[in-house]
Amino acid sequence: MLVTGVVQGVGFRPFVYSLARELGLSGQVGNTASGVVAEVEGPEAAVTDFAGRIRTAAPPLAVVSTVAVESLPVLGGTEFTILDSTAGAGRTLVSPDVATCADCWSEFTDPSDRRYRHPFISCTNCGPRFTIITGLPYDRPATTMSEFPLCPDCAREYADPADRRFHAQPIACPACGPRLQLVQPGLEPAHDEDALAVAHALLVDGAILAVKGIGGFHLVCDAADQAVVTTLRKRKDRGDKPFAVMAADLGTARRIAEVDADEEELLTGIRHPIVLLRRRPGAAVAEAVAPGNPDLGVMLPYTPLHQFLFDQPGPGVLVMTSGNLSGEPIVTADDEAMTRLAGLADAWLGHDRPIHVPCDDSVVRIVDSTELPVRRSRGYAPFPVDLPVPVRPALAVGGDLKNTFCLGEGRLAWLSAHVGDMDDLATLQAFERAEQHLERLTGVRPELLVTDKHPAYRSRQWAERHADGRPVIGVQHHHAHLASLMAEHRYDGEIIGFAFDGTGYGDDGAVWGGEVLLTGYDGFERYAHLKYVPLPGGDAGVHNPCRMALSHLRAAGLRWDPRLPSVQACRGPELDLLEAQLAHDIACAPTSSMGRLFDAVSSLAGVCHRAGYEAQAAIELEGLASSDRGLGGYEFEVDADQIDPGPVLAAVVRDVLAGVAPSVVSARFHRGLAELMVTLAERVRAAEGLTTVGLSGGVFVNKVLLSATTRALTGAGFAVLRHRRVPPTDAGIALGQLAVGSRIR
Amino acid sequence: MGHGGGGQMSAELIEHLFVPAFANPVLDGLTDSAVFTLGDVRLAFSTDSFVVQPLFFPGGSIGHLAVNGTVNDLAMSGAQAAYLSCGFILEEGVELSVVGRIAADLGDAARRAGVTVATGDTKVVDAGHGDGVYINTAGVGLVPAGVDIRPQRAVPGDVVIVSGQIGVHGIAIMSVREGVSFGTEVVSDCAPLNGLVATMLAVCADLHVLRDPTRGGVATSLNEIAKSAGVGIELTESALPVPETVANACSFLGLDPLYVANEGKLLAIVPRDEADAVLAAMRSHPLGSDAAVIGECVVAHPGMVVTRTAFGATRVVDTPIGEQLPRIC
Ligand SMILES: [Fe+3]
Ligand SMILES: [Mg+2]
Ligand SMILES: [Zn+2]
Ligand SMILES: [Zn+2]
């Protein structure tokens, strides 16, 4: 029996061993280059049972891709043995990092256990993997644990096939493992329990701590303390961008936010991502944690060290934000943490187990009981995506914001962990290190490079600089969005693709973003798009939704009524300058961006005029949408391939001037958009016979829109593809670039 | 238009079409002016064409630009401009009074810069085939003994100095061309830099690099230097002398002052030991009174220019490609 998938370094051989023993089977099990090979003999019923349970009862971290069964002559053995690994060229899938498991937690809290309160407790079912592996084959010397020789007790567990820690590479105990250390400027470092006591006292006192996690440092402070959260915001140069929080336990999470069954499963599962939850009114969380945001990003402790932060009376909810300067990648090395976070943290709680590669927390939202990945990183990367089409060995470099890249070969695609925004030198350097690491882990040797078509994308420039004779292929931004969606659904065919986002470089040089594309891997037809309006001042237009509102009004022939909130927000010289800018077409780019239409409506409704972080205006507009389904949608006008938002803007203006509440304007806008999509999809179905609709692009992080659109399209008889494994944002486009650019035809 | 913007497109045009066609060792340096030995003197030689709109703007005209542009190109090799040639291409129908004013400005600028207009040429093209007036000038000057100024000489440890406030000319041109006021009037800083350079050379003959950051701005010039010399350049954002009016206009238009054109400004890359003396000399000259150290050459990230922000992050400043397009999603 040959089992392939994530089956090595996850306790698969001990699992097979105990399963065989339980069923009274003899034989052997071993690792080979292509997977785990088990040979068993015994009563037929037991062998059948064994074959079934290999799939259904596999260890938590294992992912069984295929099981190939072959009959062999009976040997008449009586023993079951575990064979040593055989080396060779092959592909082992590396497991993501996993939250501390229930077995480890119970040892952690058991005073009689030798790992009682051990901060580095882990087993084959949990703990760091991806972030500590320096190379393959995955064995202790190829991890950052290589500098901690095992004590006799740990060595025995490590060698015992019946033990939960058989070949658990991160294994450690208080006698042989890493040690905690707390550093405060000007004071002697404190260690172990002393370090924890000091850290706790500092948190209670309203200090900001840098705490070393699995994939990097966090900045941590009391989430209920408005003053310290405000200080952290200032030190990080963070604008109004929400901070994530860590709640002591599920009960605490429930007190600050609404948690349904699916969300609970995510919060407490093996990945422990940040889950975006609806904040409870009056939650004991400072306003500065997520200003103006109806949601809270919440996670639960996923390492013993996190648990320690809550084990004495004190803050039950902590802000936990990536330890970095605004725009820089998360800090992983201790010395770097001391220098780079010098202006940010008051003290450093770390340890001597090095982090080999950074891995940020993942962010997930539940929409209609289904996962919607917002950031796919810790717990998910580097698990590969199965492709519906084979690809040449290639590297797709992704986009410039929220960058991830993707390596692929054959039918496997490895989407990287979150890298960050490529404006920053440190991020560019992190990109290179992460890319080399992932090449090492996957064995993919890219023969070609795939990029976005934006000439100024630094990711694209990087690819051109590093091509070294290999072809560099450009893929249109929204084509990549939709191809990533098709790829994650293992869909091979053509779809009616709605690619709605903020900005993507269009084939005509304009800024696209409200696109209806009839899409396959080989190409797309631009069936319809939002009518172009000027984006005044490029990035300046993006940061100032009120200007976008006025640009939209002008394009729709609507006057700048001084009673409108957008006009009031732009009062004075800004209004005059904007008028001149639009009239003279100074630094204006034509755009069909749906993100910018959201900005315009958000500002017109008086919700948000200045965006301090990406998509702020749209997020706030979505957040206050009335759930009354009886409200009629605003109507777009569609003329050939032009979607004209003019009538929508006119109706918004009418409603706003009539004193209609922003919650109603928001709901009618969302509904109108969902109805527009149904109208367009029906048109395509009638003309082309396509019946599958795909929704991709950053706009589809919007829960209200995604849910309403899915319902409306499904009701109209369409099959709907939406993202559940990779983000709909630019963090997912590398997968689509790969599928389009390196597909073997 | 992108090919004339001074960014990556014009760099490609020059590298792929012109350099191969003219290939010779003097041209290979691709500096603003050529430096070579003729007989027993070292000469700098340069030419430039002026196609600016509008022809007249606050602080100057195309006539001033045509003199100062070439004088400055020569000065960036350390040479004192001695003689200029001047070619006018006039569009049929352009008013004689306009040509007269430009000629007067040109003569004026030549006197101020201490250079003689020694030869000239005039052509007339059909109406609709030119933008009123185009001017080409070329100039020669002597390079003092011991002076070797070229982009390849930047080395890690060198200090980057700018002679004054940046972005002023570009915003002045834009505000006139588009009829937009950005608050107080912005006046172009068009000026001849040969005097300032002479003052600098008097205290430090070993200036490594000089550059006038015209089209494409400071960012483009520094990227060219970083690539030619194979060094990294790190700027300090808070040290950049950007006047408030320019900063406001740029923030409104979504532009970065580092990419806005300058006239009458220079970038100097000088040995660290001599930086204080050079800076003091510059500040003693009227065209260098706002001179400031804005960064340094480093070993890290060769060929790349970055700015260190007030919060300590390092943002990459690359060569602009055509017009600036948003990258935000
Ligand atoms: Fe996008
Ligand atoms: Mg020139
Ligand atoms: Zn465990
Ligand atoms: Zn031990």
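The residue numbering used here restarts from 1 in each chain and proceeds along that chain's sequence as written. Here the convention is simple: chains get letters from A, ligands get numbers from 1, in the order in which they are written. Thresholds applied to this predicted model are a pLDDT of at least 70 for local features of residues and 80 or more for the giving and counting of side-chain atom pairs; totals over whole chains, interfaces and linings are not thresholded and use all residues. Processing note: side-chain calculations cover all non-hydrogen atoms of the structure and skip hydrogens and water entirely.

1. Focus: the overall build of chain B
Basically, it comes down to this: Think of it this way: any DSSP run of H or I at least four residues long counts as a helix, any run of E at least two long counts as a strand, and we number them from the N terminus. Atoms counted for the radius of gyration: C-alpha only. Globule rule: 2.2 Å times residue count to the power 0.38. Classification of residues uses two cut-offs on accessible area relative to the type maximum, computed with a 1.4 Å probe and protein chains only: under 20% is buried, over 50% is exposed, and between them is partly exposed. We call two residues in contact when some of their heavy atoms are within 4.5 Å. For this count, His and the chain ends are skipped, Lys and Arg are scored as positive, and Asp and Glu as negative. The atoms used to mark charge sites are NZ of Lys, CZ of Arg, CG of Asp and CD of Glu.
Scanning chain B for helices and strands turns up eight helices and 14 strands. By the compact-globule yardstick of 20 Å for 329 residues, chain B fits well, its C-alpha radius of gyration being 19 Å. Burial status across chain B gives 53% buried among its 329 residues. In chain B, 84% of the contacts between residues at least 6 apart in sequence involve partners at least 24 apart. Distance between charge centroids for chain B: 4 Å, based on 17 positive and 35 negative side chains.

2. Remarks on the pairing of strand β3 (residues 35–41) of chain A
All names here are of chain A. Note the cut-off: Note on pairing: two strands pair once DSSP finds at least 2 bridges between them.
The pairing of strand β1 (residues 2–6) with β3 spans two bridges and is classified as antiparallel. Along β3, the bridge assignment pairs Leu2 with Val37. As judged from the seven bridges shared by strand β2 (residues 26–32) and β3, these two strands associate in the antiparallel manner. Bridge pairing links Val29 to Ala38 in β3.

3. Description of the pairing of strand β13 (residues 305–308) of chain B
Along any regular strand, the residues point their side chains to alternate faces of the sheet. Residue and element names in this part refer to chain B. In terms of strand pairing, strand β10 (residues 232–236) meets β13 through four bridges, oriented parallel. Bridge pairing in β13 links Leu235 to Thr307. Bridge count for β13 against strand β14 (residues 314–317) is four bridges, and the pairing is antiparallel. In the sheet register, Thr307 faces β14, and the bridge partner there is Arg315. Hairpin connection of β13 to β14: five residues between the antiparallel strands, including Gly312 at a positive phi of 95°.

4. Considering a nonpolar patch on the surface
Test applied: A patch consists of residues whose relative accessible area exceeds 30% and which take part in no salt bridge; residues with like charges are grouped when within 9 Å of each other, and nonpolar side chains (Val, Leu, Ile, Met, Phe, Trp, Tyr) when within 5 Å. Per-residue accessibility takes into account occlusion by the displayed protein chains alone, with areas from the Shrake-Rupley method and a 1.4 Å probe. For this analysis, a salt bridge means a side-chain nitrogen from Lys or Arg found within 4 Å of a carboxyl oxygen belonging to Asp or Glu.
Nonpolar side chains collect at one region of the surface, where Ile14, Leu17, Phe18 and Phe22 of chain B lie side by side and expose about 390 Å² of accessible area between them. In this structure, Ile14 of chain B sits in helix α1 (residues 8–22).

5. Structural notes on helix α8 (residues 261–268) of chain A
All names here are of chain A. Here is the rule we go by: By arc we mean the arc of the directions from the helix axis to the C-beta atoms, nothing more. For this analysis, a polar contact is any N or O atom pair within 3.5 Å, provided that within protein one partner can donate a hydrogen and the other can accept it, and provided that sequence-adjacent residues contribute only side-chain to side-chain pairs.
Residues of α8 that are buried include every one of Glu263, Leu266 and Leu267, and no others. Projected down its long axis, α8 shows its buried positions confined to an angular sector of 100°, all on one face. The exposed set on the far side of α8, more than 90 degrees from its buried face, consists of Ala261 and Glu265. Sitting at the amino-terminal end of α8 is Asp260, which places a side-chain oxygen 3.0 Å from the backbone nitrogen of Asp262.

6. Things to note about the nonpolar core
Residue and element names in this part refer to chain A. Heads up, the rule is: Throughout, nonpolar core names a set of buried Ala, Val, Leu, Ile, Met, Phe, Trp, Tyr and Cys residues whose side chains join them through atoms within 4.5 Å.
Phe12, Val16, Phe50, Leu309 and Leu349 are the most contacted members of the largest nonpolar core, which has 92 residues in total. With six residues, the top contributor of residues to this core is helix α1 (residues 12–22). Aside from chain neighbours lying at most four places away, what touches Leu309 is His200, Leu203, Val211, Val220, Leu318, Met320 and Leu349.

7. Some thoughts on the packing of helix α15 (residues 545–555) of chain A against helix α18 (residues 594–604) of chain A
Residue and element names in this part refer to chain A. How we decide: Interaxial angle, 0 to 180 degrees, is taken between N-to-C directions of lines fitted to C-alpha atoms, where a helix line uses only the stretch in contact. By the definition adopted for this analysis, an angle is roughly parallel if under 35 degrees, roughly antiparallel if over 145, roughly perpendicular if from 65 to 115, and oblique otherwise. In the scheme used here, Gly and all other residues not listed as nonpolar or charged are polar, with Ala, Val, Leu, Ile, Met, Phe, Trp, Tyr, Cys and Pro taken as nonpolar and Asp, Glu, Lys and Arg as charged.
For the pair α15 and α18, interaxial distance at closest approach is 7 Å and the crossing angle is 100°. In this view, α15 runs roughly perpendicular relative to α18, as classed from their interaxial angle. Of the residues in α18, those in contact with Pro545, Cys546, Met548, Ala549, His552 and Leu553 of α15 are Arg596, Leu597, Asp599, Ala600, Ser603 and Leu604. Broken down by class, the residue content of the contact of α15 with α18 amounts to eight nonpolar, two polar and two charged.

8. Brief notes about the coordination of the iron ion (ligand 1)
Residue and element names in this part refer to chain A. Note the cut-off: Each metal's donors are the N, O and S atoms within 2.8 Å of it, or within 3.2 Å when it is Na, K or Ca, and because water is not part of the set, sites may look incomplete. Geometry is assigned from donor-metal-donor angles: four donors are tetrahedral when every angle falls between 85 and 135 degrees, four are square planar and six octahedral when opposite donors sit over 155 degrees apart with all other angles between 65 and 115, and any other arrangement is irregular.
With distances of 2.0 to 2.3 Å, the protein atoms coordinating the iron ion (ligand 1) are His477 (NE2), His481 (NE2), Asp501 (OD) and Asp730 (OD). Geometry at the iron ion (ligand 1) is irregular, judged from its four donor atoms and the angles of 86 to 174° they form at the metal. Sequence positions of the residues that donate to the iron ion (ligand 1) give the spacing H-x3-H-x19-D-x228-D. Separated by 20 residues along the polypeptide, His481 in helix α13 (residues 477–488) and Asp501 in strand β22 (residues 495–505) bring together distant segments of the chain.

9. A word on the UniProt feature "domain: YrdC-like" (unreviewed entry) in chain A
Here is the rule: UniProt positions are given in the numbering used here, feature names are shortened, and annotations may be inferred rather than shown by experiment.
Under the local residue numbering, the UniProt record ascribes the feature "domain: YrdC-like" (unreviewed entry) to residues 193–379 of chain A. Helix makes up 27% of residues 193–379 of chain A and strand 26%, whereas the separation of the span's terminal C-alpha atoms amounts to 28 Å.

10. Considering the interface of chain B and chain A
Size of an interface: often given as the accessible area lost when the parts come together. Filter applied, for reference: As a working definition, buried area equals the accessible area (1.4 Å probe) given up by two parts on being put together, with both sides summed.
Of the residues lining the interface, 25 residues belong to chain B; the matching set on chain A comes to 46 residues. Carbon and sulfur atoms make up 64% of the area that chain B and chain A hide from each other, which totals about 3100 Å². The tally of links from chain B across to chain A stands at one salt bridge. Arg458 of chain A is paired through a salt bridge with Asp318 of chain B; the nearest N and O atoms lie 2.6 Å apart. Taken together, the connections running from chain B to chain A amount to five residue pairs in polar contact (both at pLDDT 80 or more). Considered class by class, the residues forming the side of chain B that touches chain A number 15 nonpolar, six polar and four charged.

11. What about the domain arrangement of chain B?
Residues and elements named next belong to chain B. Note the cut-off: Domain delimitation follows an automatic or database domain assignment.
Domains assigned within chain B are domain 1 (31–142) and domain 2 (151–317). Centre-to-centre, using C-alpha coordinates, domain 1 lies 23 Å away from domain 2. Tallying the contact residues gives 21 residues for domain 1 and 24 residues for domain 2. For the domain 1 and domain 2 pair, buried surface summed over both sides reaches about 1900 Å², with 62% attributable to carbon and sulfur atoms. Run the count over domain 1 and domain 2 and you get zero salt bridges. For the pair domain 1 and domain 2, the number of links is four residue pairs in polar contact (both at pLDDT 80 or more). Put simply, the parts of the chain that give the side of domain 1 that touches domain 2 at least two residues each are β3 (56–57), α2 (62–75) and α3 (96–113). Looking at the side of domain 1 that touches domain 2 element by element, the count peaks at seven residues for α2. Split into classes, the residues belonging to the side of domain 1 that touches domain 2 amount to 10 nonpolar, eight polar and three charged.

12. Some points on the sheet that holds strand β5 (residues 80–91) of chain B
All names here are of chain B. Taking strand neighbours across the sheet as the criterion, the five strands line up as β1-β2-β7-β5-β6 in an open arrangement whose pairing is mixed. Of all the strands in the sheet, just β1 (34–38) and β6 (116–125) have a single pairing partner and so form its edges. Mean inter-strand twist for the sheet, computed between neighbouring axes without regard to direction, equals 20°. Of the pairings in the sheet, the one linking strand β2 (residues 41–50) to strand β7 (residues 133–142) comprises eight bridges and is antiparallel in character. Within β7, the position partnered with Ser49 by the bridge is Asn136. On the sheet, α3 packs against β5, β6 and β7 and is oriented at approximately 175° with respect to β5.

13. Re the environment of Val115 of chain B
Residues and elements named next belong to chain B. You can see Val115 is positioned in the loop between α3 and β6. Take Val115: its relative accessible area is 7%, and that puts it in the buried class. It is 23 Å that separates the C-alpha atoms of Val115 and Ala268, two residues lying 153 residues apart in sequence. Apart from the residues lying within four places of it in its own chain, the contact partners of Val115 are Val67, Val71, Ala81, Ala82, Tyr83, Leu84 and Ala110.

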